[in-house]
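Report on the structure
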Amino acid sequence: MKNINLSLQIIPCVPEERIYPVVDKVIAYIASTGVKYEVGPMETTMEGDLDHLLEIVKKAQEICVKEGCSRVLSQIKIDYKAEGVTMDEKIHKYR
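Notes on the structure in this doc start here. (Residues numbered from 1 in each chain as written. Predicted model: local features only at pLDDT ≥ 70, side-chain atom pairs only at ≥ 80, totals over all residues. Heavy atoms only, no water.)

1. Quick look at the overall build of the chain
Just so we agree on the cut-off: The secondary structure listing takes helices from DSSP runs of H or I that are at least 4 residues long and strands from runs of E that are at least 2 residues long, numbered from the N terminus. For this measure, only C-alpha atoms enter the radius of gyration; the expected value for a globule follows 2.2 Å times N^0.38, where N is the number of residues. Relative accessibility decides the category of a residue: with a 1.4 Å probe and only protein chains considered, values under 20% of the type maximum give buried, values over 50% give exposed, and everything between is partly exposed. Contacts are assigned to residue pairs with any non-hydrogen atoms lying within 4.5 Å of each other. Only the protein chains shown count as cover for residues, and all accessible areas are computed by the Shrake-Rupley method using a 1.4 Å probe. For the purpose of counting charges, residues Lys and Arg are taken to be positive, whereas Asp and Glu are taken to be negative. His and the chain ends are not included. For charged residues, the charge sits on one atom: NZ in Lys, CZ in Arg, CG in Asp, CD in Glu.
Helix and strand counts for the chain stand at three helices and four strands. Its C-alpha radius of gyration of 14 Å places the chain within 12% of the 12 Å reference for a compact globule of 95 residues. In terms of its C-alpha atoms, the chain occupies a principal-axis envelope of roughly 40 × 30 × 20 Å. Burial analysis of the chain (95 residues in total) assigns 32% to the buried set. Looking at the chain alone, contacts between residues at least 24 apart form 73% of all its contacts between residues at least 6 apart. When the accessible area of the chain is evaluated, it comes to approximately 6100 Å², of which 53% is carbon and sulfur surface. Taking the 13 positively charged and 15 negatively charged side chains of the chain as two groups, their mean positions are separated by 1 Å.

The following block contains the structure:
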């Protein structure tokens, strides 16, 4: 399958002072997977195979729970087309 883009916003239900440390652990995990990714102010966008990216999303939820989250709210956006989608084609003119 060609690359797709998947954006993930994680909102861990923890005390406010723990939100960024939990999100940082999720971002560190994403970085460790080797997928192309970009952190934004509200979400992290990844590029890769759909099945692989969905496994990353699943693991992100597990990380939050392991970090003590009583609940995890997540929003996922997927941009898919048969010939593939890249982050560069969307944002290169803004760089």
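2. Details of the layout of surface pockets
Let me state the cut-off plainly: A pocket here means an open set of points on a 1 Å grid, computed over the protein atoms alone, that has protein on both sides within 12 Å along at least five of seven lines. A cavity is instead a set of points where a 1.4 Å probe fits but cannot get out; residues with an atom within 4 Å of a point line either one. Grid points are joined across faces, edges and corners, and a volume is the space filled by probe spheres set on the points. Three classes are used, and their members are as follows: Ala, Val, Leu, Ile, Met, Phe, Trp, Tyr, Cys and Pro are nonpolar, Asp, Glu, Lys and Arg are charged, and the others, Gly among them, are polar.
As a volume, the largest pocket reaches approximately 340 Å³. Looking at the largest pocket, it is lined by 17 residues, and the ones nearest its centre are Ile-10, Val-23, Pro-41, Met-42 and Glu-43. In terms of residue count, helix 1 (residues 16–32) provides more of the lining of the largest pocket than any other element does, six residues in total. The residue makeup of the lining of the largest pocket, split by class, is 13 nonpolar, three polar and one charged. A volume near 240 Å³ is recorded for the second largest pocket.

3. A word on helix 1
Applied cut-off: One fewer than the residue count of a helix, multiplied by 1.5 Å, yields its expected span. To be clear, the arc concerns the directions from the helix axis to the C-beta atoms.
Given a rise of 1.5 Å per residue, 17 residues ought to cover 24 Å, and the 26 Å separating the end C-alpha atoms of helix 1 matches this to within 8%. Taken residue by residue, helix 1 has Val-22, Val-26, Ile-27 and Ile-30 as its buried positions. Looking straight down helix 1, one finds that the buried residues subtend no more than 140° of arc, so they occupy a single side. Facing away from the buried side of helix 1, by more than 90 degrees, are the exposed residues Glu-17, Tyr-20 and Ser-32.

4. Section: the nonpolar core
Soluble globular proteins: nonpolar side chains tend toward being buried together. The criterion, for reference: Working definition of a nonpolar core: buried Ala, Val, Leu, Ile, Met, Phe, Trp, Tyr and Cys residues. They are joined through side-chain atoms within 4.5 Å.
Counting residues in hydrophobic clusters, the biggest one holds 18 residues, and the most contacted among them are Leu-6, Leu-8, Val-26, Met-46 and Leu-53. Taken together, the elements giving at least two residues each to this core come down to strand 1 (4–12), helix 1 and helix 2 (50–66). For this core, the leading source of residues is helix 2, giving seven residues. If we ignore the near neighbours within four places in the chain, the residues touching Leu-6 are Thr-44, Thr-45, Met-46, Leu-53, Leu-54, Val-57, Ile-76, Lys-77 and Ile-78.

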